[in-house]
Amino acid sequence: MADEVASATGIVKRFGATLALDDVGIEVRKGLMTGLVGPDGAGKTTLIRILAGLIDPDADEAMALGSAATKADHSRIGYMPQRFGLYEDLTVIENLRLYADLRGLDRETREENFAHLLEFTDLGRFQSRLAGKLSGGMKQKLGLACALVRQPDLLLLDEPGVGVDPVSRRELWQMVRELTGEGVGVLWSTAYLDEAEACDTVFLLSEGKMLHAGPPGDLLARVEGRVFRLPVPATERRTTLAHLLDRDDVADGTLQGEGVRLLMREAGPPEGVAGQAVPAKPRFEDGFIDVLGAKVSGTSGLAEAYRLIPASDTPAIEARGLTKRFGDFTAAQDISFAVQRGQIFGLLGPNGAGKSTTFKMLCGLLTPSSGAGSVAGFDLRHARADARQSLGYMAQKFSLYGDLSVKQNLDFFSGIYGLKGAARRAAIERVNAIFHLENYSSVNAGTLPLGFKQRLALACAVMHEPPVLFLDEPTSGVDPIVRREFWSHINGLVEKGVTVLVTTHFMDEAEYCDRIALIYRATQIATGTPDELKAQTGSETMEDAFIALIEAADRLREAA
Amino acid sequence: MSGEFNLLRFTAMLGKETRQILRDPSTLMIAFVLPMMLIFLFGYGVNLDTSRTRIGLSVQDQSEAAASLAVAFQSSRFFEVAEVADADALGKSLVAGHIRGFVVIPQDFGRMALRGGGTIQVVADGSSPNTASFVASYAEGVRQTWLASRPDAMGRVKGAALTPPISINSRLWFNPELASRFFLVPGAIAIVMTIIGSLLTALVIAREWERGTMEAIMATPLRRFELMATKVVPYFVLGLGSMTVCTLLAVFVFGVPFRGSPLALLAIASAFLVPALGQGLFISSATKNQFVASQVALLTAFLPSLMLSGFLFEISSMPRWVQAITYVVPSRYLIPSLQTVFLTGDDWGMFGRDIAVMLGFGALFFALAIGATRWRIA
């Protein structure tokens, strides 16, 4: 095809015993935004690197700009790796100059392009700042500018939106969109399914296999007329969802504000439900789930076996003016909230906003500079050990011991949480059965598939049946089915009276929370239920609400 | 297409590398502060010379001969007679570590001496073999000197001059005082250049992998050998700069003589940097991790330079199979030339040979590095 800038068919790539790509084909066309979508470990990065000529496939060959990818004219290919590829000890302009020279840009066009790119990325003011001193969003823009320094014909972006705040993500998207208008062929890889929806054409990759290729509309058409929203009072939404998920005619369900969002097996609204189900707009994720075909039960074995957490008048988690300063840098400023027993509270915010700092103060891992907090009634200043004993902690990236087997990890974590003898054996047996870990018991945790790592991490955190759970980015990078399963467990536990504090950057997951605190630049800029926050900003989705709130906070800052 | 060497890309990467060196305090520490520390350490701290060993003396004879031998020991510049007591007490002192050995002048020494004989007993602490053999041989030396200085030895009539049948008149050339820092300090220069050439080069390439910049520049038209050249040139210059600092320190602070020409030193040092840098590149082609790179560089470059180059331990006194290994340590060919240029003067015949061998090793390492580096991520 004439307007094709990159293509591949029948690509196979193995790393040792794992098959990273299995007979995968892709096509990137001039002037189009092509999405490469899939969960972590799906093979996105491997495929992009093959197109960039950085990896040789085992079978077949990738083409870029009309020649083999490894021999293509790299001065006309822009590539932005996941970590942006910036030299942190060079300044903004020095990074640009370096990449301009490497791509053989002549001196006259150079200055013109720099001026354009600096304006485009709004980095003009920071030209002489070291790249290492830029914020995440600014690094991302500079990374893009470096890839664009000589207008490419093919632009390969490896998860450009990961970890940066939604505002920067949206700005970046618009910038790249402009480029497609100028005729650049863009390949945008992402784990965010909402980004896939906005692409011209989408390749959906899962575990090394291509599940879907074509316009996102094709996938949405599959589920047309099968998506409904059912209003449910906030207090009953979790139990309602669990019941509905156990019905055979329901393919998928999630919480959405004061209601439940359902994907039906057949076209037509659910029958025999209280309340009026209204048709909802299908999303890319619905299509993905439909293609995967798997369904998660609404009943959580973990929750059924869990003890009932007794009711209490005091909040299960409380933060009162928590502040943390590192030198003259304030990482968290005056954070206050209270979470009642049996509630899910979400901390939302971009990377580096202060979520994790707040989290660590409440876990007793960081001593607050001022303010106080309590967990399960234990004051963090005086009874840290007791407070820690009554919480289960699931750290970012599932901090398991990769060199220990599944069984050894379970033994170790049950040990540090003080389980002994028969109680320990019973707890390990229970989680083994619930999370289907038996077959992996002698496998090293480091080599488990991501979904199983996440299950194991959750298992390790709940073996001692704590009344409070702390989950730090618990569903980062896993596929939607695994996420559903995870939330099914959490919802079940909450019904048993467990209190959950969770951080996430998936805006649709924020809907699972009873209440949310939005943290931005170390301050808590908004707190409320998902519906309240949406209403407050007049937005339809959490993402829009989030962006509106951040923009309002920025305006306030500039005015001050 | 961009298959050939491109000067613009090369200078851009060279400028980048230079800026990184200048902005990274740890690189400058390794290049300039570490060498200074090493030179000071070898100049002041490490001293392989023995001076004034503490010994004990037990004189069990009242004769004039015994007394004068005792004086000879006390006035020796190699010994400090710390204790004069009977042999039992000295034995205890030796065990306690107060003295390194002791000399017993036995009861009938005077009588035997008149007959031209006379033996003394020397007891030394065998747990430090170097010191023990030093005590034994120097004690014998003191006795010989004392013997030679007695005109009435062998019962001859006084005044009749005695000429020993053979006399050894030894002169030490080039380092008459046998000061170890004279050869340690040039050796330290070899260590410093090994560190810069192999360790630093391996580290900076591993750093590009770790920080994800390698894949970004690999996706540009940059060629593999352009990248290698921009890693070699700055560290070559840095290595020579560091060598110059060391030399100036050695000559002006430690008074190490410099009898050769600066040109010879430059040629020798430059030749050595070729295998050192080649080895660094070779290491970096095999590892993408700074920690592993530093461990490999320490084990394969730094330690051999320290132990097997003849810098600290003389190669001729090593077991044969260890000697055989030293032939593949490039710094083995650097140390003798370096010591020669400092202590003796220019000997281009020797330098030429060593330089040729070092360049040969360099070519080998570069060939290996180029063969092992694949311009791919996996």
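Residues numbered from 1 in each chain as written. Chains lettered and ligands numbered in written order. Predicted model: local features only at pLDDT ≥ 70, side-chain atom pairs only at ≥ 80, totals over all residues.

### Quick word on the sheet that holds strand 14 (residues 278–279) of chain A
Residues and elements named next belong to chain A. Overall, antiparallel pairing links the four strands, which are arranged 12-13-11-14 in an open sheet. With one partner strand each, in any of the chains shown, strand 12 (250–255) and strand 14 form the two edges of the open sheet. Taken together, the five bridges between strand 11 (residues 227–231) and strand 13 (residues 259–264) define a ladder with antiparallel strand orientation. Across the sheet, V227 pairs through a bridge with L263, a residue of strand 13. On top of the sheet, helix 9 (residues 284–292) reaches strand 11, strand 12 and strand 13; it is set at about 140° to strand 12, its chief contact. (Pairing = 2+ DSSP bridges. Helix = DSSP H or I, 4+ residues; strand = E, 2+ residues; numbered from the N terminus. Contact = placed C-beta atoms within 7 Å. Axes fitted to C-alpha atoms, helices over the stretch in contact; angles between N-to-C directions.)

### Topic: the confidence of the model for chain B
Of all residues in chain B, 88% attain a pLDDT of 70 or more, and the chain-wide mean is 83. Predicted complex metrics record ipTM = 0.76 and pTM = 0.79. (pLDDT = per-residue confidence, 0-100.)

### Some words on the sheet that holds strand 7 (residues 154–157) of chain A
Residues and elements named next belong to chain A. Read from one edge to the other, the open sheet built from six strands follows the order 6-7-8-3-9-10, with strand pairing classed as mixed. The sheet is open, and its two edges are formed by strand 6 (77–80) and strand 10 (209–214), each paired on a single side. Going across the sheet, the axis of each strand differs from the next one's by a mean of 15°, ignoring polarity. Summarising the sheet, strand 7 and strand 8 (residues 185–190) pair through four bridges and their orientation is parallel. If you follow L156 over to strand 8, its bridge partner there is L187. Against the sheet, helix 1 (residues 44–51) makes contact with strand 3 (33–37), strand 7, strand 8 and strand 9 (201–206), and its axis sits at roughly 155° relative to strand 8, the strand it touches most. Here helix 4 (residues 136–148) sits on the sheet in contact with strand 6 and strand 7, set at roughly 160° to strand 6.

### Section: the domain arrangement of chain B
Along its sequence, chain B is organised into domain 1 (9–46 + 179–372) and domain 2 (53–155). Computed over C-alpha atoms only, the centres of domain 1 of chain B and domain 2 of chain B are separated by 48 Å. (Domains from an automatic or database assignment.)

### A word on the interface of chain B and chain A
It is common to give the size of an interface as the accessible area lost on bringing the parts into contact. Opposite the 23 residues of chain B that make contact, chain A presents 24 residues. Listed by contribution, the elements that provide at least two residues to the side of chain B that touches chain A are helix 1 (7–23) and helix 8 (213–218) of chain B. Here the side of chain B that touches chain A gets seven residues from one element, more than from any other, and that element is helix 1 of chain B. Residues that form the side of chain B that touches chain A fall into these classes: 11 nonpolar, five polar and seven charged. (Nonpolar A, V, L, I, M, F, W, Y, C, P; charged D, E, K, R; others polar.)

### Focus on the domain arrangement of chain A
All names here are of chain A. Segmenting chain A into domains produces domain 1 (4–220) and domain 2 (223–295). A straight line from the C-alpha centre of domain 1 to that of domain 2 covers 35 Å. Among the elements that make up the side of domain 1 that touches domain 2, the one with the highest residue count is helix 6 (residues 193–197) (four residues). Broken down by class, the residue content of the side of domain 1 that touches domain 2 amounts to seven nonpolar, one polar and two charged.

### Section: helix 13 (residues 331–343) of chain B
Over its 13 residues, helix 13 of chain B extends 18 Å from the first C-alpha to the last, a length consistent with the 18 Å expected when each residue adds 1.5 Å. A positive phi of about 135° marks G345 of chain B, the residue just after helix 13 of chain B. (Expected span 1.5 Å × (residues − 1).)

### A word on the packing of helix 10 (residues 262–286) of chain B against helix 11 (residues 290–307) of chain B
All names here are of chain B. In contact at an axis separation of 10 Å, helix 10 and helix 11 are set at 140° when each is read in the N-to-C sense. Relative to helix 11, the element helix 10 is oriented oblique. Considering the relative orientation of helix 10 and helix 11, their crossing is right-handed. Seen from helix 10, the contacting residues are Q279, G280, I283 and S284; seen from helix 11, they are A293, V296, A297 and A301. Partitioned by chemical class, the residues of the contact of helix 10 with helix 11 number five nonpolar, three polar and no charged. (Parallel < 35°, antiparallel > 145°, perpendicular 65-115°, else oblique. Left-handed = near helix turned anticlockwise from the far one by under 90°.)

### Some details on the pairing of strand 13 of chain A
On a regular strand, one side chain projects to one face of the sheet and the next to the other, so that they alternate. Residue and element names in this part refer to chain A. Burial runs high along strand 13: six of the six residues are buried. Where burial is concerned, the two faces of strand 13 agree: the one with G259, R261 and L263 and the one with V260, L262 and M264 are both buried. Relative to strand 13, strand 12 is paired through five bridges, and the arrangement is antiparallel. In the sheet register, L255 faces strand 13, and the bridge partner there is V260. (Buried ≥ 20, exposed ≤ 12 C-beta atoms within 10 Å, placed from the backbone.)

### Digging into the pairing of strand 3 of chain A
Residue and element names in this part refer to chain A. Counting buried residues in strand 3 gives five out of five residues, a clear majority hidden from the surface. The two faces of strand 3 match: M33, G35 and V37 on one face and T34 and L36 on the other face are all buried. In this sheet, strand 9 lies alongside strand 3 in parallel orientation, the contact comprising four bridges. Residue pairing across strands places V37 opposite L204, the latter belonging to strand 9.

### Focus: unusual backbone geometry
All names here are of chain A. Despite not being glycine, F84 shows a phi value in the positive range, around 70°. Checked against the element boundaries, F84 lands in the loop between strand 6 and helix 2 (92–102). Under the C-beta neighbour-count criterion, F84 is labelled buried, with 25 such atoms within 10 Å. We note that A522 has phi near 70°; this positive angle belongs to a residue other than glycine. Within the secondary structure layout, A522 lies in the loop between strand 23 (515–520) and strand 24 (523–528).

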